[in-house]
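One letter stands for each residue in the lines below.
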Amino acid sequence: MKGSDLTVENLAALAEANFVERPYNCSEAILAAFAQADGENPADVIGYATAFGKGIAGQGFTCGALTAGLMMLGRYGYEKGLDKKAVMAEAAVFYKEFEQQFGHTHCKVLSGHDCDDPASPPFDIRTCGKFLRFATAQVQEFRDR
């Protein structure tokens, strides 16, 4: 089944399930969802996103769902025939909408867990579902336009 044939809600739910129920980090979960929707093998693409989990290399910075969304916007923008300037414009809108929706872009702020601080509250994997759902839905809506 092609990604454009899936509903936005179903694809977003698939990305969240990949994160919560499978051994994927947030970035991998989004790439895997789009691969699954496109009839591709997730194992062929998740490696592109591995280092972006837990806020880029586990440092707690830019949210992995946000970075994966940006990667997918780039891929689908080029597939649509957009030039670099147009892809960057779409990416900027997406980034700003993410930040406006959630008030921040850093993993450790959004998740409430600082991977570098042993005294930090434990990471709750379900907290991040809303970030994955938002990023996936935004990319799919872009794709559907």
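Residues numbered from 1 in each chain as written. Predicted model: local features only at pLDDT ≥ 70, side-chain atom pairs only at ≥ 80, totals over all residues. Heavy atoms only, no water.

Draft legend 1. Here's a closer look at the overall build of the chain. A tally of helices and strands in the chain yields 6 helices and 0 strands. By the compact-globule yardstick of 15 Å for 145 residues, the chain fits well, its C-alpha radius of gyration being 14 Å. Along the first, second and third principal axes, the C-alpha atoms of the chain reach 45 × 30 × 25 Å. Positive and negative side-chain charges in the chain, numbering 14 and 19 respectively, have mean positions lying 3 Å apart. (Helix = DSSP H or I, 4+ residues; strand = E, 2+ residues; numbered from the N terminus. Rg over C-alpha atoms; globule rule 2.2 N^0.38 Å. Lys, Arg positive; Asp, Glu negative; His and termini not counted. Charge placed at Lys NZ, Arg CZ, Asp CG, Glu CD.)

Draft legend 2. Quick look at the nonpolar core. The biggest cluster of nonpolar side chains holds 36 residues, and the ones touching the most others in it are I30, F98, F131 and L132. Those elements giving two or more residues to this core turn out to be α1 (8-21), α2 (26-37), α3 (64-79), α4 (84-102) and α6 (129-144). Excluding its chain neighbours within four sequence positions, the residues that come into contact with L132 are A15, E16, F19, C26, A29, I30 and A65. (Core = buried A, V, L, I, M, F, W, Y, C linked by side-chain atoms within 4.5 Å. Buried < 20%, exposed > 50% of the residue type's maximum accessible area, 1.4 Å probe, protein only. Contact = heavy atoms within 4.5 Å.)

Draft legend 3. View of α2. Between its first and last C-alpha atoms α2 spans 17 Å; for 12 residues at 1.5 Å apiece the expected length is 16 Å, and the two agree. Extensive coverage of α2 is indicated by the burial of 11 of its 12 residues. Every buried residue of α2 is listed here: C26, S27, E28, A29, I30, L31, A32, A33, F34, A35 and A37. Elements that come into contact with the buried residues of α2 comprise α1, α3 and α6. A side-chain oxygen of the first residue of α2 lies 3.0 Å from the backbone nitrogen of S27; this N-cap is N25. (Expected span 1.5 Å × (residues − 1). Polar contact = N/O pair within 3.5 Å; in protein donor to acceptor, adjacent residues only side chain to side chain.)

Draft legend 4. Layout of the packing of α1 against α2. Look at α1 against α2: their axes get within 8 Å of each other, and the N-to-C directions meet at 130°. Taken together, the axes of α1 and α2 are oblique relative to one another. Taken as a pair, α1 and α2 cross one another with a handedness that is right-handed. Of the residues in α2, those touching α1 at L11, L14, A15, N18 and F19 are C26, A29, I30, A32, A33, F34, Q36 and A37. Broken down by class, the residue content of the contact of α1 with α2 amounts to 11 nonpolar, 2 polar and no charged. (Axes fitted to C-alpha atoms, helices over the stretch in contact; angles between N-to-C directions. Parallel < 35°, antiparallel > 145°, perpendicular 65-115°, else oblique. Left-handed = near helix turned anticlockwise from the far one by under 90°. Nonpolar A, V, L, I, M, F, W, Y, C, P; charged D, E, K, R; others polar.)

Draft legend 5. Geometry of the environment of Q138. Summarising the element assignment, Q138 is placed in helix α6. Separated by 112 residues in sequence, Q138 and C26 have C-alpha atoms that sit 15 Å apart. Once residues lying within four places of it in the same chain are set aside, the contact partners of Q138 are F94 and E97.

Draft legend 6. Inspection of a negative patch on the surface at higher detail. Together, E9, E97, E141 and D144 make up a region of like negative charge exposed at the surface. Here E141 is to be found in helix α6. (Patch = residues over 30% accessible without salt bridge, like charges linked within 9 Å, V, L, I, M, F, W, Y side chains within 5 Å. Areas by Shrake-Rupley, 256 points an atom, 1.4 Å probe, with all protein chains shown as cover. Salt bridge = Lys/Arg side-chain N within 4 Å of Asp/Glu carboxyl O.)

Draft legend 7. Region of the structure containing the environment of F19. Relative to the assigned elements, F19 resides in helix α1. The exposure class assigned to F19 is buried, which follows from its relative accessible area of 6%. C-alpha separation for the pair F19 and E141, spaced 122 residues apart in sequence, amounts to 21 Å. Residues contacting F19, with those up to four places away along its chain left out, are Y24, N25, C26, A29, F123, I125, C128 and L132.

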